[in-house]
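# Examination of the molecular architecture
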Amino acid sequence: MKRKEFLGRLIGELTNFMLEGNPLRLVVSLHQEEDGAHISFFDDIPRSKKELDKIRKSLNPKTQRPELAQYYGQMAGHDMAWEARLNLIGWQIKQASVSNTDSGLQIDIWLGSDAFKPENFTLDMKI
Amino acid sequence: MERTEKSLYTIMLIFILGLAVTGLALDGPVTTLQGFLHLQIRGARLINDFTQAGVGAAMFNAALVGLIGLTIVFFATISLSGPTIAAIFTMIGFGFFGKTPLNILPIIGGVWIAARVTRNTLGSYSLIALFGTALGPVVTFIMFEIGLPLISSIPLGIFSGLFAGFILPGVAGSILQLHQGYNLYTTGFSCGFIGLFVSGLLVASNKMEPMTIIWNTAAEPALYLLIPILSVLLIISALIIDGFANIRETLTELRDLQKLTGRLPTDIFDAGTAGSALINMGLLGLGSSLYVWLVKAPFNGPVIGGMLTVMGFGGFGKTLKNVWPVVVGVVLATLVFGKQLSAPGPILAALFCTTLAPIAGQFGIMAGVIAGFTHLFMVETTAAWHGGLDLYNNGFAGGLTATLIIALLQWYRTNRPREDFQV
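Here the structure is a predicted model, which means the values were calculated and not measured. Sequence positions are assigned chain by chain, starting from 1 and proceeding in written order. Chain letters start at A and ligand numbers start at 1, both assigned in the order the entries are written. Totals for whole chains, interfaces and linings use every residue, but because this is a predicted model, local features are given only for residues with pLDDT of at least 70 and side-chain atom pairs only at 80 or more, for both listing and counting. Only hydrogens and water are removed before side-chain values are computed, so all heavy atoms of the structure are retained for them.

## Description of the overall build of chain B
Inclusion rule: Put simply, DSSP marks the helices as runs of H or I at least four residues long and the strands as runs of E at least two long, and each gets a number from the N terminus on. Each radius of gyration reported is based on C-alpha atoms, and the globular scaling rule is 2.2 Å times the count of residues to the power 0.38. The buried label goes to any residue with under 20% of its type's maximum accessible area, the exposed label to any with over 50%, and the partly exposed label to all in between, with areas taken from a 1.4 Å probe on protein chains only. Here, two residues are considered to be in contact whenever any of their heavy atoms come within 4.5 Å of each other. Areas reported as accessible are Shrake-Rupley estimates using a 1.4 Å probe. Residue values count occlusion only from the protein chains shown. The sign given to each residue is positive for Lys and Arg and negative for Asp and Glu; His and the chain ends receive no count. Throughout, a charge is located at the NZ atom of Lys, the CZ atom of Arg, the CG atom of Asp or the CD atom of Glu.
Helix and strand counts for chain B stand at 19 helices and zero strands. In summary, chain B has a C-alpha radius of gyration of 21 Å against a globular reference of 22 Å for 423 residues, a match within 12%. Relative to its full complement of 423 residues, chain B shows a buried share of 61%. Once local pairs closer than 6 in sequence are excluded, the contacts in chain B between residues at least 24 apart make up 79%. Total accessible area computed for chain B in this model is approximately 16,500 Å², and 69% of it derives from carbon and sulfur atoms. With 19 positive and 17 negative side-chain charges, chain B shows a spacing of 4 Å between the two charge centroids.

## Things to note about the overall build of chain A
Counting its secondary structure elements, chain A contains four helices and four strands. Going from the N terminus to the C terminus, chain A shows its helices and strands as α-β-β-α-α-α-β-β. Here chain A, with 127 residues, has 46% of them falling under the buried criterion. Sequence-distant contacts, at least 24 apart, represent 65% of the contacts inside chain A between residues at least 6 apart. In the form shown here, chain A has an accessible surface area of approximately 6,600 Å², with 51% of it arising from carbon and sulfur atoms.

## What about the side chain of R45 of chain B?
Residue and element names in this part refer to chain B. What counts is decided by this rule: Any N or O atom pair separated by 3.5 Å or less is treated as a polar contact, with the protein-specific requirement of one donor-capable and one acceptor-capable atom, and with residues adjacent in sequence counted only for side-chain atom pairs.
Tracing the backbone through its elements, the reader meets R45 in the loop between α2 (29-40) and α3 (55-75). One polar contact links the side chain of R45 to the main-chain carbonyl oxygen of P210, over a distance of 3.3 Å. Sequence-distant contacts of R45, that is, excluding residues within four places in its chain, are made with P137, F141, M208, E209, P210, M211, G387, G388 and L389.

## Some remarks on the pattern of salt bridges
Residues and elements named next belong to chain A. Rules: Basic side-chain nitrogens of Lys or Arg form a salt bridge, by our definition, when they fall within 4 Å of a carboxyl oxygen of Asp or Glu.
Under the definition given, this model contains nine salt bridges over all chains. Note that K49 and D53 form a salt bridge whose closest N and O atoms lie 3.3 Å from each other. Here K49 pairs with D53, and both are found in helix α2 (residues 49-59), just four residues apart, close to one helical turn. Residue class for K49 comes out exposed when judged on its relative accessible area of 62%. Residue class for D53 comes out partly exposed when judged on its relative accessible area of 33%. Between E67 and R65 there is a salt bridge whose closest N-O contact spans 3.0 Å.

## Details of the confidence of the model for chain B
Formally: For every residue, the predictor reports its confidence as pLDDT, a number between 0 and 100.
Of all residues in chain B, 99% attain a pLDDT of 70 or more, and the chain-wide mean is 95. Scored as a whole, the predicted complex attains pTM 0.94, and scored at its interfaces, ipTM 0.89.

## Regarding the packing of aromatic side chains
In plain terms, the rule: Here a pair means two rings of Phe, Tyr or Trp (six-membered ring of Trp) with centres within 6.5 Å. Their orientation is stacked below 30 degrees between planes, edge-to-face above 60, and tilted elsewhere.
Evaluated as defined, the whole model comprises 22 aromatic pairs over all chains. Taking 4.5 Å as the distance between ring centres and 20° as the angle between the ring planes, the aromatic pair formed by Y71 of chain A and Y72 of chain A counts as stacked. The same class applies to Y71 of chain A and to Y72 of chain A, which are both buried. Taken together, a centroid distance of 6.4 Å and an interplanar angle of 75° make the contact between F373 of chain B and F377 of chain B edge-to-face. On the criterion of helical spacing, the pair formed by F373 of chain B and F377 of chain B is a turn pair, its members being four residues apart in helix α18 (residues 365-385). In textbook terms, an aromatic cluster arises when at least three aromatic residues are bridged by ring pairs, as seen for Y71 and Y72 of chain A together with F94, F97, F131, Y185, F313, F316, F352 and Y392 of chain B.

## Considerations on the interface of chain B and chain A
Short version of the rule: Note: buried area is the sum, over both parts, of the accessible area (probe 1.4 Å) each one loses when the two are combined. Think of it as three bins: nonpolar holds Ala, Val, Leu, Ile, Met, Phe, Trp, Tyr, Cys and Pro, charged holds Asp, Glu, Lys and Arg, and polar takes everything else, Gly as well.
The partner chain A presents 19 residues to the 33 residues of chain B that form the contact. A buried area of about 2,300 Å², summed over both sides, lies between chain B and chain A, and 56% of it is on carbon and sulfur atoms. Area buried by chain B at its contact with chain A is led by Q177, R263 and P265 of chain B, which between them contribute 23% of it. Where chain B packs against chain A, one counts two salt bridges. The residue R65 of chain A makes a salt bridge to D270 of chain B at a minimum N-O spacing of 3.2 Å. Seen at the junction of chain B and chain A, the total is six residue pairs in polar contact (both at pLDDT 80 or more). Elements that contribute at least two residues to the side of chain B that touches chain A include exactly α6 (126-131), α8 (150-179), α9 (186-204), α17 (357-363) and α19 (393-413) of chain B. A breakdown of the residues in the side of chain B that touches chain A according to their chemical character gives 14 nonpolar, 15 polar and four charged.

## Some points on a nonpolar patch on the surface
Residue and element names in this part refer to chain B. Where we set the bar: In this analysis, a patch consists of residues with relative accessible area above 30% that form no salt bridge, clustered at 9 Å for like charges and at 5 Å for the nonpolar side chains Val, Leu, Ile, Met, Phe, Trp and Tyr.
Nonpolar side chains collect at one region of the surface, where Y224, L225, I229, V232, L233, I236, I240, F244 and L286 lie side by side and expose about 820 Å² of accessible area between them. In terms of residue count, the dominant contributor to the nonpolar patch is helix α10 (residues 221-242) (seven residues). Within the secondary structure, V232 is located in helix α10. Take V232: its relative accessible area is 40%, and that puts it in the partly exposed class.

## Quick look at the pairing of strand β4 (residues 105-112) of chain A
All names here are of chain A. As a reminder, the rule being used: Strands were regarded as paired on the criterion that DSSP finds at least two bridges between them.
Burial of β4 is extensive: seven of the eight residues sit out of reach of the surface. Here strand β2 (residues 36-43) runs beside β4; their pairing, made up of seven bridges, is antiparallel. Bridging across to β4, A37 finds its partner in L111. Across six bridges, the pairing between strand β3 (residues 95-100) and β4 is antiparallel. Looking across to β4, one finds that S97 is bridged to D108.

This is the structure in structure tokens:
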């Protein structure tokens, strides 16, 4: 999949998720490198520990599911009318971290080629 | 491979081998193999009940079709879980009325070529390859029923299958956006779309023949018993996998599974335990057997195919809670339009309408009943559009119904004045 469409879908689905909380502030930050990308999402609504665990679990599936990612993953970011489905994203990314900042929720996702190493990325990574 | 996945492979292998051995034992190896070879040279468009040619041959054919599916899952190194189990059960089911090893392999080959061209693995496209075998009749119809000499019709049939398989991934992705995952047999919708063009081409070339219905009404004990026995075996396997000591937890998981909407892609094996998912499949099998018995429909190839598909999707979106409103809708429509519940169209619609279960799961009982009601009169029309070349005709009709309902609901939801910005 072309990089632009892929990023657009992931940003769309995660934005849909964060807008469900009706935040007053939402920031999306993208940092691309040749073999991968890092996207950060920030809002102003802190989540409970249970909610954070649920988001973390959806974005970090136990196993890779290429058969689901390639086919059904195409629905990510296309549909803003119903609730967001973070598992559609989880199958397609390398890694995600989820935490509360001083003001609200922060979600970081890393994506890239098979050779992509999130730990070598120039931005700090929180897990 | 995890222990649970090994157990699932064992269950699938026992089922497939059991089916093949039963087939060989029922009619004897020679008669079964002769019948099996005879099935390979049929056009196999809808509705072509393979049990009419021999129950043993149909079972043996279904087992081989299922074995091909299981082999692909194994070598594509993808999980044997809800989606892949649904695909293999569906393939086995349609091995009773349309799919043969001969007509599915070119389709799978075409999807594999598409994967190579786009630099993806077959694993990534595996579900499209497995479900895409619904277009198998395109291959055998062109090979054996359009009146060309075999020396040209056989290569043409293979090429057509490869081409249909090659374009399927592109079509399937776009079709999915139309119904947003509310039609479980979404590849059937895509195959029907492609089938429209193939059928149009055949009509334009004066090569299309009218559809016929081959429907076995003979009482066959092996077919009566197949689904109930399989369902009970699945339930017993579930208790073994999860552990008899953990039965309370398994039943709690089963209860929680009923809360799922079932919208694609809901892997029920991931959402609960493997045991709870297998019990869900078994209960759906017993429920559908009970329905077929109550309406006095024959337990023939297509009906067995329908029940196996319902069971398979018990691992991939269907639960007892989200299927019944849609079935009620089909039953109501059947009665309103003065049809018989046991007639070919209504009985198959009652089983396969469960493709729309996510609508009931997400939007409630009334939406499910409306979807089922609409589905019946649509499904009886759509088969003629693609000339019976798409075996998942209910997936095609279900896709149209889901698209209509979702379009209307989406329009309503995106125009809620109370949630707009204040002027």
